[in-house]
Each structure stands twice: as structure tokens, then as C-alpha cells.
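Single-letter residue listing:
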Amino acid sequence: MAKTTATQQTILTSARRHFMEHGFKSASLNRIVADAGYTKGAFYGYYASKEELFDALVSQTSQGLAQAMGNVTAGWTGYPESEQLEHLDEAFFAQLPELADFIVSHRDDLRLILTRSAGTRYEGFLDSLVENNTKHIEPLLARMGLGNMDPDTYRLLMTAYYGTLVRIATGGYTKDEIVAKMRDVQIVFQGGIMTLLQEQGAAKKRED
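Conventions adopted
- Residues numbered from 1 in each chain as written.
- Predicted model: local features only at pLDDT ≥ 70, side-chain atom pairs only at ≥ 80, totals over all residues.
- Heavy atoms only, no water.
- Helix = DSSP H or I, 4+ residues; strand = E, 2+ residues; numbered from the N terminus.
- Buried < 20%, exposed > 50% of the residue type's maximum accessible area, 1.4 Å probe, protein only.
- Contact = heavy atoms within 4.5 Å.
- Areas by Shrake-Rupley, 256 points an atom, 1.4 Å probe, with all protein chains shown as cover.
- Core = buried A, V, L, I, M, F, W, Y, C linked by side-chain atoms within 4.5 Å.
- Phe/Tyr/Trp six-rings, centres within 6.5 Å; stacked < 30°, edge-to-face > 60°.
- Expected span 1.5 Å × (residues − 1).
- Bend = angle between axes of the 7 residues up to and from the residue.
- Salt bridge = Lys/Arg side-chain N within 4 Å of Asp/Glu carboxyl O.
- Polar contact = N/O pair within 3.5 Å; in protein donor to acceptor, adjacent residues only side chain to side chain.

**Student:** Which residues make up the overall build of the protein, and what are the values?
**Tutor:** A tally of regular secondary structure across the protein gives nine helices and zero strands. When the elements of the protein are put in sequence order from the N terminus, they spell out α-α-α-α-α-α-α-α-α. In terms of overall dimensions, the protein has C-alpha extents of about 75 × 30 × 30 Å along its principal axes. In the protein, which comprises 208 residues, the share counted as buried stands at 38%. At a minimum sequence separation of 6, the contacts of the protein that also span at least 24 residues come to 72%. Working note: accessible area of the protein is about 11,300 Å², and carbon and sulfur atoms make up 50% of it.

If you want it as C-alpha cells, here you go:
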């Protein structure tokens, strides 16, 4: 990776401030460059567009967050299929301290990705988390014969789940508060979904 020059760092600092205040769409590239003390010509010597500038700010954090969430999935998919559901909470709790450390140390970048990225390729980040969860969980539930949840209902629940985690991640909490709140959210959502599936399974057996 090429070393960031002093000029780039000044531009990035200005961009972070403007993106955080106005969001990507409303932030003015002219103002970003002017507040950094450079011309548009100097800017284009480093970045091809406002989109590329935003990406330079958050791409590493985005990859790090995806890796952290992937570690949670890897934690429970490493068990035999028949045991995976019962280890979901365990896998999440095991990764929580590391995830909370990451959140605290990358909070500004996470806020940009999760709350200021409309108009960029990061705009659908929350949806991608939901789809990745669905991709792993729905086939497992089907193979285990646990209920018959409407896919749209499941996605709505997962959107609410990840949306809650996003609010915690961007809310300015300490590491210990993040761990405690995310743990409570996981327990509520996991327990509620499993209860619903069990009730649906019982109802199906009665119908049969």
C-alpha cells in the first residue's frame, strides 16, 4: 500500500469532517478541497472522484468489519450441522470483545459507512449483512425441519436485528457497554426466533 502523503492526509481530514456533517451525497467536493487548502487540480492528482475519496476513508474499516462478522459465522459453522443452531449465541459471545474493540477503535469510519454512505457502494452494507445471514441460516433451518418461517418475515427480523446492532455500534458507548448491549440483543432475537420456529414446527405436527 502506497504511503499517504501530507497533502492526501489533509484532504482526507477535510473530507471526513464534511462527510460526517453532510453525508456523502450532500457533501460538496469543492468545499472539501477548498477547506483542505488545495485546488481541484491537486485533488485529482490523488483521487479520481468524490466516490474514490470516500472509499479511501472507509475501505479498510469495511473489510475489517466484514472479517469480524465472518469470524462469528465461522465460529458456529465449524460445528456439526445438527449442533450449529445451539452454538449461535456461543459463537457470537466469543467474538464480542474483539468486535467491540474494533468498533471503539474505528467508530468514525463505521459511522460514515453505516449512516453517511447513501450514494456510495457502501449504501447497502446493512442489507448485505442481512442477506449473508439469510444465506447461511435459511438452508440450515430447512434441513433441520425447524418451522416454515416466511422468508420476508425472516429478513424483516434480521433487518431489525442488524439495525439495532448498528445503533449500538454508532452510539458512542464504551467497550463494556457495547458488549453488554449486543449480548442482550442477541439473546432476545435468537430466543424469539427459535421460539417462533418451535411453535411453527409444533403446529405443523398437529396439522399432520
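From this point, the narrative continues.
**Student:** Before we move on, could you go through the nonpolar core and cite the residues and values that matter?
**Tutor:** Nonpolar side chains in soluble globular proteins generally cluster together in the buried interior. One finds F19, L53, L99, Y161 and M182 to be the most contacted residues of the largest nonpolar core, which totals 55 residues. Look past the residues within four positions of Y161 in its chain and what remains in contact with it is F92, V185, Q186 and F189.

**Student:** Go over the packing of aromatic side chains, please, and point to the residues and values.
**Tutor:** Under the definition given, this model contains 10 aromatic pairs. Geometrically, the ring pair formed by F54 and Y122 is tilted, given 6.0 Å between the ring centres and 50° between the ring planes. In this pair, F54 is assigned in helix α4 (residues 50-77) and Y122 in the loop between α6 (107-115) and α7 (125-144), connecting sequence segments 68 residues apart. The pair formed by F54 and Y122 is uniform in burial state, with each residue classed as buried.

**Student:** How would you summarise helix α1 (residues 6-26) if you had to cite specific residues and measurements?
**Tutor:** Here α1 contains 21 residues, and its C-alpha end-to-end distance of 26 Å is more than 12% below the 30 Å for a straight helix at 1.5 Å per residue. At M20, α1 shows its strongest bend, of approximately 85°. Turning to α1, its buried residues are T7, Q8, I11, L12, S14, A15, H18, F19, G23 and F24. Looking at the packing, one finds that the buried side of α1 touches α2 (29-36), α3 (40-44), α4 and α6.

**Student:** Can you tell me about α4, naming the residues and giving the values?
**Tutor:** With 28 residues, α4 extends 39 Å between its outermost C-alpha atoms, agreeing within 8% with the 40 Å of an ideal straight helix rising 1.5 Å per residue. At V58, α4 shows its strongest bend, of approximately 50°.

**Student:** Describe the pattern of salt bridges, listing the residues and the values that go with them.
**Tutor:** Scanning the entire structure with this criterion turns up six salt bridges. A salt bridge links R16 to D109; its shortest N-O distance comes to 2.3 Å. In this pair, R16 is assigned in helix α1 and D109 in helix α6, connecting sequence segments 93 residues apart. According to the relative accessible area criterion, D109 is buried, its value standing at 12%. Its salt-bridge partner being R111, residue D108 comes within 3.7 Å of it at the nearest N-O pair. Of this pair, D108 and R111 both sit in helix α6, three residues apart, which is roughly one turn of that helix. By relative accessible area, D108 is classed as partly exposed at 38%. According to the relative accessible area criterion, R111 is partly exposed, its value standing at 24%.

**Student:** Residues and numbers for the side chain of Q186, please.
**Tutor:** By the element assignment, Q186 lies in helix α9 (residues 175-207). Take Q186: its relative accessible area is 6%, and that puts it in the buried class.

**Student:** So what about the side chain of T120? Which residues, and what values?
**Tutor:** Checked against the element boundaries, T120 lands in the loop between α6 and α7. Among the polar contacts made by the side chain of T120, one reaches the main-chain carbonyl oxygen of S117 at a distance of 2.7 Å. From its side chain, T120 meets the backbone nitrogen of Y122 in a polar contact 3.0 Å long. Ignoring any residue separated from it by four or fewer positions in sequence, one finds T120 in contact with F24 and F54.

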